[in-house]
Each structure stands twice: as C-alpha cells, then as structure tokens.
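# Breakdown of the fold
Given next are the chains, with one letter for each unit.
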Amino acid sequence: MGLRTFLTDAWSWLNYKPAMASALDGRPHRALAPEVQASWLPDDAVRRLAAYKLLAAYDSNQAGELAALTGNEAAAERREFGDPSVLVDTALAHLLGKTQQILVPGAEHAGDEGAGPEAVAAAEMQQRLRDWAEAELLPLRMQAAERKAVLLGDAVYLLAWDPAKGRVTLRTYDPGFYFPVLDDDADPGDYPRRVHLAWEVPEDARRGIKARVRRITFELGPIASGLGHREAMRRYPWAPERPSPTTCYLSDAEWSVDDLRHGQTLDELSLDKADFRTRPDGQVLDRLDLMIDFIPVLHVSNTVADGEHFGQSMLAKVMQALDELAETDTDSARASATTGAPIIGLAGARAEVDRVTGRPKPLAVQPGTIFQLADGGRMDVLDTSSQLAELRARVEEIRDRAAVNARLPAVSLGTVDPSDVPSGYALQISLGPLDSMVDSMRLARAHKYALLLKMVQRLHQAGRAEGWPIGPTLPARLVFGPHMPTDRQAILDEVVKGVGAGVFSLETGIRMLQDAGYPIEDAREEVVRITARTAAASPGPAERDRSSSAS
C-alpha cells in the first residue's frame, strides 16, 4: 500500500478530502470529475478542474451527493441548506457594489471654461465606452463572470469584433475551459503569449457523432510577410508611429477523441487530425490573422496572489467549517425528529393481535390515543429536547465562526439585530474585516478591467468603427460603487458646508454625492446645471442698481 504524500499547491486547502487527493498519486478521485481524467488535459490543470467541480457541488447543495459517489455512503443523508451559496452571493454583492461606472480621467473638466482638447477627447471616449457597456450588457455579464470568480477563484472574458453589429462583443467563459500556456521562466503575473479555450464535446449516439475535443487557440507571433525569413511590420491604429512585428493568430478546430494518442496533451494535438471550423463568410479558422497585437482573452483572479496565475475561492478558508456545519445540521434534523415524534416505551400494555399473522400489531401513537396498562404498567418517553437545543446552539456557533473566517460579519449577512449594535462606531469597527476583503478583491481586479476597456478601444479602432478615432488609447477604469449603505443626509450636509465654505470644489462635492448613491448620472452635466441655475437666480448689475436707487 502506497504512502500518502504531502502536496502543497494553489488547491492544497482541499487535500483534507480523500476525493481530492488519493493516497497513491495525489490525483483526484475519478468519481469527482471523470472528465479530468481525459488524456488531453495538461497535468497542471487536473487538480484545478477538480477543485472547480468540488466548489460547484458546494454551491448547488450537492457536496453530500459527491462525497457519496467517492465512497462515503453516510454523506448521502447530509442536510445542506445553501450556506456556501449565501457566503458567495454576499461577497459578490459587496464586491460589485450598487453601481459600476466607467471613468476616463480628465473627462470631468470637459465642460470647464477654457477646457483643452484632451479633456474633450476624454469626455467623448468616456461616453463611447458607456454606450458600448450599455449595448453589450456589461453589468449583467460582470455579474455572471464575477460570481464564478468569487466561487471558483477565476473568471474569463473573451472580446471579439462583430462586423454585423458594428461593435465589440463580450462573452464570458467557464474558467474550466481556460488553459494558458505559461512559460517556466516567466512571471505568473505576466500575460501569456498562447491561450487555449478548450472543452470536450460528449458523444451523441442518436446523431452518430463521436466524442471530440474543441480547442480555440489565440497565439502571438511574428507577422507573416510571405518573403522568406523577412519579418513584416505593421502600424496599428493605436500606435501609428510605432511599427510592430507582432500579431495575434486565431485557430478553432476539433479532434475526435479516438484520434488522440495517449500522453498527447492539449498543446500538442496533431494538426493533421484537426477539423478546422469555418466562419459564416467562408473563412477557415486556421491561424487567422486578427490584425491586433494582443490576445483578446482576459483572465480575472479573485485574489492578489504572489507567484500564482490563478486565484483562490472565497470559500477556501472555511470549507471544513462548512462541512461541519452540514453535519451538525444533519444531526439537528435527526434530533428534531425524535423530539417531535419521541420514542415511547410501554410496559404492561396489551397489543392488538393481527388475525392473519397472529402477531401483535405495532403500536401507533396519535393525538387522543389511549393505552390500557395492567397493574404496575408504565410509559417511558425519550426526551431529546436538550440535545436538540445544544445542536442548534452548535449550528449558530459554527455559522458565526465561518462568517468571521470568511471576513463577512453578521451585519453584512443581515443576521444581526439592530438593537444589539451599541453605536455607529462599533458597527463601523465590526465592518473592518469586510472592508479589507472588498479592498483586496477590488485591487486584484482594477488592472484587469482597465485592460478590458483598453482592449475594447483598440478592437473598435482595428474594426474601423464609426466615431472611434485613430490614436493612442486613453486610460479608462471601472469604478465600483460603495459596498455598504451610507448616511446620505450626513454626506449631503457635509457637501453643502464644504462647497459653501470653499473647502473643496463643486465637482468634488458632486462626486461625493455620486459615491453616496444619489442618482447623478454625469457629474459634469450636473455641475453645468447647478451653475446655470445659480447664475439665473443671482441678480444682475442693472437689478442691483435699481435696488440701490429704491433704497
């Protein structure tokens, strides 16, 4: 019998589960995810995909079912009441905030007197990006992608130019389909030069289609010149003064699983066996030149990790607490059954005899039931109410500890009684762990969403979209709204006093009101309206002269 090895990696927090790491080779149990045993999968992706499957089971209340498939038969009776899903949804809501807004630095000064062309260009680009986000349902797609990032640790976006729509389209992919080719000597935080989106298409016996593997590959490489070994150069719209020798190639092909050789991984599939897909316009997707110098695939990690490309689920630190919570809920349910319908022992009772079998019939206890007892007879009732009370207290204890370790205090989960909070300062202190968690998660995403908006601009430029100018890409960022309710009246009073006393500008005050949740869509337009209203209400020079003469 082999000895179990000590394995440490990005998913070793799941090693306590026998299904995740077997005693012999450390590979996940086959029942956990049969697809992760496919021969074409890279070795370094097997544990990642198994972790995704396990986390998805917790999210859908199927952890007990999955444990039963791996040999733990008692786990089939486990009670699961959605506690992991509540933690994920709560963290997601605080991460995204109530609003998400695209901002281009300098756009707020476009309406100022004497504003330069840079401010005007920033305001125009900001409006274009906001129009694109509305047309492409960016908040909705972010909701879907970010929930995967919070639950699984990773999310994937794919951008593409759609000539029919005349704009860039945005799609989300399951991170289990994402296979970057990372160089051994490269920094894991660097952008990979080759990325695969791949999955296995199951067999369809009714249609006579065999199981196959589909792989979409994006790869950066030198521009093909057709002149031997001479390297071609290209001027891209976002850098017309800097010729580039690099372009991105797209390949989309399928392989029959029967044609794959043993040990042949995803990055080594033979092109001789590939069946390349074709676009509606007849273009074969075999190293198609996309006319861009970047890979339009964006990977978003949930955490800031040093030396790791992939992120970590927010459930990572509380998985064992969730297991114990489910087990305690199961014990509590069993105890409540014996409390509501207690076990009764009768002595000296005459049981009714079944005329067919001649055996005593089982006694049934119902409201109004009367038992005739002989002399010295008695009835004993097993009282489990005290055990039930202890189990319920244990459930609350584990739930509170899981919330603390997940950095989601009771007030964020909505389980605290407002009368139990002694003061607003104490409430603010209790929210400290949640604030730090949200700040860390947003920090991990800040650069990625700035990169997404940069890609959106460049793909519109590459597609010669109407209204998108040629020239350098303007910096843009995605700003999340406040993650906790704010005292809007206090902030309004602060803004009125601060602007009135000249402590800060009207623009800053408007931005503070936006952050507090006031329905102000555009700070610059709001400043213009306030300024115009103030000018109209102020008396002119002639009116002041007439007022002085009358006095």
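Remember, predicted model here, so these are calculated numbers, not experimental data.

Analysis parameters
Residues numbered from 1 in each chain as written. Predicted model: local features only at pLDDT ≥ 70, side-chain atom pairs only at ≥ 80, totals over all residues. Heavy atoms only, no water. Helix = DSSP H or I, 4+ residues; strand = E, 2+ residues; numbered from the N terminus. Buried < 20%, exposed > 50% of the residue type's maximum accessible area, 1.4 Å probe, protein only. Contact = heavy atoms within 4.5 Å. Areas by Shrake-Rupley, 256 points an atom, 1.4 Å probe, with all protein chains shown as cover. Axes fitted to C-alpha atoms, helices over the stretch in contact; angles between N-to-C directions. Parallel < 35°, antiparallel > 145°, perpendicular 65-115°, else oblique. Nonpolar A, V, L, I, M, F, W, Y, C, P; charged D, E, K, R; others polar. Polar contact = N/O pair within 3.5 Å; in protein donor to acceptor, adjacent residues only side chain to side chain. Patch = residues over 30% accessible without salt bridge, like charges linked within 9 Å, V, L, I, M, F, W, Y side chains within 5 Å. Salt bridge = Lys/Arg side-chain N within 4 Å of Asp/Glu carboxyl O. Expected span 1.5 Å × (residues − 1). Pairing = 2+ DSSP bridges.

## Section: the overall build of the protein
A tally of regular secondary structure across the protein gives 14 helices and 15 strands. Within the protein, buried positions represent 39% of all 551 residues. Taking the intrachain contacts of the protein between residues at least 6 apart in sequence as the baseline, contacts between residues at least 24 apart amount to 66%. Taken as a whole, the protein presents about 31500 Å² of accessible surface, with 53% of it coming from carbon and sulfur.

## Looking at the packing of helix H1 (residues 43-59) against helix H5 (residues 138-152)
Running from amino to carboxyl end, H1 crosses H5 at an angle of 105 degrees, the nearest separation of the two axes being 10 Å. Taken together, the axes of H1 and H5 lie roughly perpendicular to each other. Across the interface between the two elements, Tyr-52, Leu-55, Ala-56 and Asp-59 of H1 pack against Arg-147, Leu-151 and Leu-152 of H5. Considered class by class, the residues forming the contact of H1 with H5 number five nonpolar, no polar and two charged.

## A few points about unusual backbone geometry
Despite not being glycine, Arg-287 shows a phi value in the positive range, around 50 degrees. Along the polypeptide, Arg-287 turns up in the loop between strand S10 (275-276) and strand S11 (288-289). The exposure class assigned to Arg-287 is partly exposed, which follows from its relative accessible area of 43%. With phi around 60 degrees, Arg-407 is a residue other than glycine that occupies positive phi space. Along the chain, the position of Arg-407 falls in the loop between helix H7 (385-405) and helix H8 (410-413). Judged by its relative accessible area of 34%, Arg-407 falls in the partly exposed class.

## Focus: the side chain of Thr-330
Relative to the helices and strands, Thr-330 is located in helix H6 (residues 319-340). Within polar-contact distance, the side chain of Thr-330 engages the backbone nitrogen of Arg-79 at 2.8 Å.

## Some words on a nonpolar patch on the surface
Taken together, the side chains of Ile-344, Val-365, Met-379 and Val-381 present a nonpolar region at the surface, about 330 Å² in accessible area. As for its position among the elements, Val-381 is in strand S14 (residues 373-381). Overall, the relative accessible area of 47% leaves Val-381 in the partly exposed class.

## Some points on the side chain of Thr-473
When you line up the elements, Thr-473 lands in the loop between helix H10 (432-462) and strand S15 (477-480). Within the structure, Thr-473 has its side chain in polar contact with the side chain of Arg-458 (distance 2.9 Å).

## With respect to helix H4 (residues 117-135)
Compared with an ideal rise of 1.5 Å per residue, which puts 19 residues at 27 Å, H4 spans 27 Å between its outermost C-alpha atoms and is within 8% of the ideal. Inspection of H4 places Ala-119, Ala-122, Ala-123, Met-125, Gln-126, Arg-128, Leu-129, Arg-130, Trp-132 and Ala-133 among the buried residues, and these make up the whole buried set. Trailing H4 by a residue or two, Leu-137 shows a phi angle of about 55 degrees, which is positive.

## Describing the sheet that holds strand S3 (residues 167-173)
Strand order in the open sheet made by the three strands is S3-S2-S12, with antiparallel pairing throughout. At either end of the open sheet lies a strand with only one pairing partner, and these are S3 and strand S12 (297-301). Along the sheet, successive strands turn relative to each other by an average axial angle of 25 degrees, direction set aside. With respect to the sheet, H10 is in contact with strand S2 (154-162), S3 and S12, its orientation differing from that of S12 by roughly 165 degrees.

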